[in-house]
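# Fold and contact review
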Amino acid sequence: MTELGGFQDRVARIDLSDGNVAYESIDDEDAKKYIGARGLGVKYVFDQGPDVDPLGPENLLAFMNGPLSGTQVTMSGRIAVCTKSPLTGTVTDSHHGGWSGARLKWAGLDGLLFEGQADEPVYAVVEDGDVELRDASHLWGNGFHETRDTLEEEVEGSYGKNLSIMGIGPGGENQVRYACIMNEDDRASGRGGTGCVMGSKNLKAIVVKSNTKMPKPADKETFMEGHQQAMQAIQESEVTAPNEGGLSMYGTNVLMNITEEMSGLPTKNATYTSTRDAVDDGWAEEGFDSEKISGENVRENILVDEPTCHSCPVACKKEVEVQAMHKGEEMNVRMESYEYESAFALGPNSGHTERDDIALMIDRCNDMGLDTIETGNMMAMAMEMTEEGKLEDVGDDLEWGDSETMIDLIERIAHREDDLADLLAEGASRVAEKKGAADNSLAVKGQTIPAYDPRCMKGMGIAYATSNRGACHLRAYTPAAEILGIPEKVDPYEWEGKGELTAEFQNLHAISDSFDICKFNAFAEGIEEYVLQYNGMTGMDVDEDELMEAGERVYNLERYYNNLVGFDGADDSLPARFLEDGIPGQGASEGEYCELEEMKDEYYDYRGWVDGVVPDEKLDDLEIDVGPGTGVSSTGGAPAPSDD
């Protein structure tokens, strides 16, 4: 057991096959080495063994909060969901904000470990440190919104409406490989197919009921010193300061105009790097303009509310209401939130910039329980394949910018209604393999890129390639330095130094994900504030180097898990269009490509890896105890990939 502050020292292990619920303590050594949330969640998944079928009963689905979750620490309302991904075959972690992480802590639990597979649909109710499974047959087939509303009325208790609901829609039930877990008012654990795993287990939802009972710091003086420093930094940052522009004013979509201006916005399945270039090149007509879906446009025209997560002064969520026309019918849509990544994938990358149509698409993805990035990018891939005649046998009906068809296709994918929808539900890499369409895919390790072109922001190139969960901007958010100048400004077009920068960001974000606090705090806070708040809450006495080493340990454990599955340096790659051809158009990025191999050499050297594989001496240095018989050579060899 652990006596560290910030933990309840109680984890529920739920065997869905027989309905048994057991409770266990957290290993003290694991808590110190892997911090919590993402770190501990990955450790639980690692201990379950990498040779599991992601959709089989033996795969572990871990919901974990960290020692700072649900505390006074700013932006500490997050929770990590860790499992083996059905989309990528890698270990994955996906986080969402809101209140469920905090409420799970307040309800007396640090985590929920689901294994097995229920014979019939069930949902779990968490209250006062205990978990109860209930019949969910009446909820199966419902969208997330109806599921949430039903459970809010159905689950009664002494806490009234103080409950959080995490659940899946038809996308998870039908095992779309990029199905997500939705939470409360449309917060999502989106990437990696966590909702697909939940659906494979016949687990429809989790209801967490609690009062508000924040953990007290073990060392109040140290904690308050760090907390006050952190609050001051957040108030003074141009990015996070409340009501001063940046995230607080425009949400994540503050980036739309910025990336467009610097020609870094992937457009038309990353054929172009801005909507402007697509117009100038003659592919798109005037009016194809990302400004129409920017944070500034959203705030001025359709913003209705600015909800926030537990203990967050930034309030980056931008709730909108639109009157969208679909097939001649006016549809009222009110949803949270109009995010940059969602707008990119369902908009410019798919060939249109219709603001209200995108809002309707985001809302439908949320209700169906589909990752918006993957859904939009899958449609863009299908549009390009349609143009090249590669989808004639499954429904050659999806053209660039066809928002009418896109809106309907979201539900078709979630239900796997027809041949095209069933194909796209498998994800980019499987579509590419089945249709000989590798040149059309924007996937890395099976997961498609977010809204930063790696030919413009070279750090994103090495970050996508070396992300342990497939293409991802959140493992190492290099635009912080390349766009915002945090912690210092670096040239986005320069590749040298990006390997080291990326590794340092990956380690730092592994720490914040293990606390579990929002990455946006890193636009203001640094390792000094992290150390003070962590030590103050837990009673530990680590220094900056020791905490950074913990982040490095988490990242290396994930990489080692992937090595055991069969991934090595050959998988740390990028789609060919980013490596071979210079960017078309007339913007700042014209002629640029991503110098990935040079950055990989720098990155591996800094990491101490051999061709993408963690050697034995690195495992020893980081005190990662993996046991005998793992099958990975310290000279760089890896076992053959498993068939997931």
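An account of the accompanying structure is given in this report. (Residues numbered from 1 in each chain as written. Predicted model: local features only at pLDDT ≥ 70, side-chain atom pairs only at ≥ 80, totals over all residues. Heavy atoms only, no water.)

A few words now on the sheet that holds strand E15 (residues 329–335). Spatial ordering of the open sheet is given by E13-E14-E15, a layout of three strands whose pairing is antiparallel. Of all the strands in the sheet, the pair left with one neighbour each is strand E13 (303–305) and E15. For this sheet, the mean angle separating the axes of adjacent strands, direction not counted, is 30°. The sheet contact formed by strand E14 (residues 319–326) and E15 spans seven bridges and is antiparallel. Across the sheet, the residue bridging to His 326 is Glu 329, located in E15. Against the sheet, helix H13 (residues 355–368) contacts E14 and E15, and its axis sits at roughly 65° relative to E15. (Pairing = 2+ DSSP bridges. Helix = DSSP H or I, 4+ residues; strand = E, 2+ residues; numbered from the N terminus. Axes fitted to C-alpha atoms, helices over the stretch in contact; angles between N-to-C directions. Contact = heavy atoms within 4.5 Å.)

The next thing to look at is the packing of helix H21 (residues 527–538) against helix H22 (residues 544–565). Between H21 and H22, the least distance of the axes is 10 Å, while the angle of their chain directions is 90°. Relative to H22, H21 is oriented roughly perpendicular. Facing Ile 527, Glu 528, Tyr 530, Val 531 and Tyr 534 of H21, the residues of H22 in contact are Glu 544, Leu 547 and Met 548. The class makeup of the residues in the contact of H21 with H22 is six nonpolar, no polar and two charged. (Parallel < 35°, antiparallel > 145°, perpendicular 65-115°, else oblique. Nonpolar A, V, L, I, M, F, W, Y, C, P; charged D, E, K, R; others polar.)

One full turn of an α-helix is made of 3.6 residues, so residues set three or four places apart face in the same direction. Counting buried positions over the nine residues of helix H18 (residues 458–466) gives nine, a clear majority of the element. Buried residues of H18: Lys 458, Gly 459, Met 460, Gly 461, Ile 462, Ala 463, Tyr 464, Ala 465 and Thr 466, and no others. Of the surrounding secondary structure, the elements contacted by the buried residues of H18 are strand E16 (443–444), helix H19 (479–482), helix H20 (498–515), H22 and helix H24 (596–607). (Buried < 20%, exposed > 50% of the residue type's maximum accessible area, 1.4 Å probe, protein only.)

Let us look at unusual backbone geometry. Between Glu 336 and Ser 337 the backbone carries a cis peptide bond, its omega angle lying at 15°. With respect to the helices, strands and loops of the structure, Ser 337 is situated in the loop between E15 and helix H12 (340–346). Going from Ile 486 to Pro 487, the amide bond is cis rather than trans, its omega being 0°. As for its position among the elements, Pro 487 is in the loop between H19 and H20. For Asp 128, which is not glycine, the phi dihedral falls at a positive 55°.

Glancing now at a negative patch on the surface. On the surface, a cluster of negative charge is made up of Asp 219, Glu 221, Glu 225, Glu 528, Asp 541, Asp 543, Glu 544, Asp 545 and Glu 546. Of all the secondary structure elements, the ones that give two or more residues to the negative patch are helix H7 (220–236) and H22. Of all the elements, H22 adds the most residues to the negative patch, at three residues. Counting through the fold element by element, Glu 544 comes out in helix H22. (Patch = residues over 30% accessible without salt bridge, like charges linked within 9 Å, V, L, I, M, F, W, Y side chains within 5 Å. Areas by Shrake-Rupley, 256 points an atom, 1.4 Å probe, with all protein chains shown as cover. Salt bridge = Lys/Arg side-chain N within 4 Å of Asp/Glu carboxyl O. Lys, Arg positive; Asp, Glu negative; His and termini not counted. Charge placed at Lys NZ, Arg CZ, Asp CG, Glu CD.)

Right, let's talk about the nonpolar core for a bit. Grouped together as the largest cluster of nonpolar side chains are 152 residues, with contacts concentrated most on Tyr 338, Ile 413, Leu 424, Phe 515, Tyr 530 and Leu 547. At ten residues, H22 tops the list of elements feeding residues into this core. Sequence-distant contacts of Ile 413, that is, excluding residues within four places in its chain, are made with Val 176, Tyr 178, Leu 370, Ala 421, Leu 424 and Ala 425. (Core = buried A, V, L, I, M, F, W, Y, C linked by side-chain atoms within 4.5 Å.)

If you trace the six strands from one edge of the open sheet to the other, you get E8-E7-E12-E9-E10-E11, paired in mixed fashion. With one partner strand each, in any of the chains shown, strand E8 (130–135) and strand E11 (187–189) form the two edges of the open sheet. Ignoring strand direction, the axes of neighbouring strands in this sheet form an average angle of 20°. Across six bridges, strand E7 (residues 122–127) lies against E8 in antiparallel orientation. Paired with Val 122 across the strands is Asp 135, a residue of E8. The strands touched by helix H4 (residues 144–154) are E7, strand E9 (163–167), strand E10 (181–183) and strand E12 (203–209); relative to E9, the strand with the most contacts, the crossing angle is about 145°.

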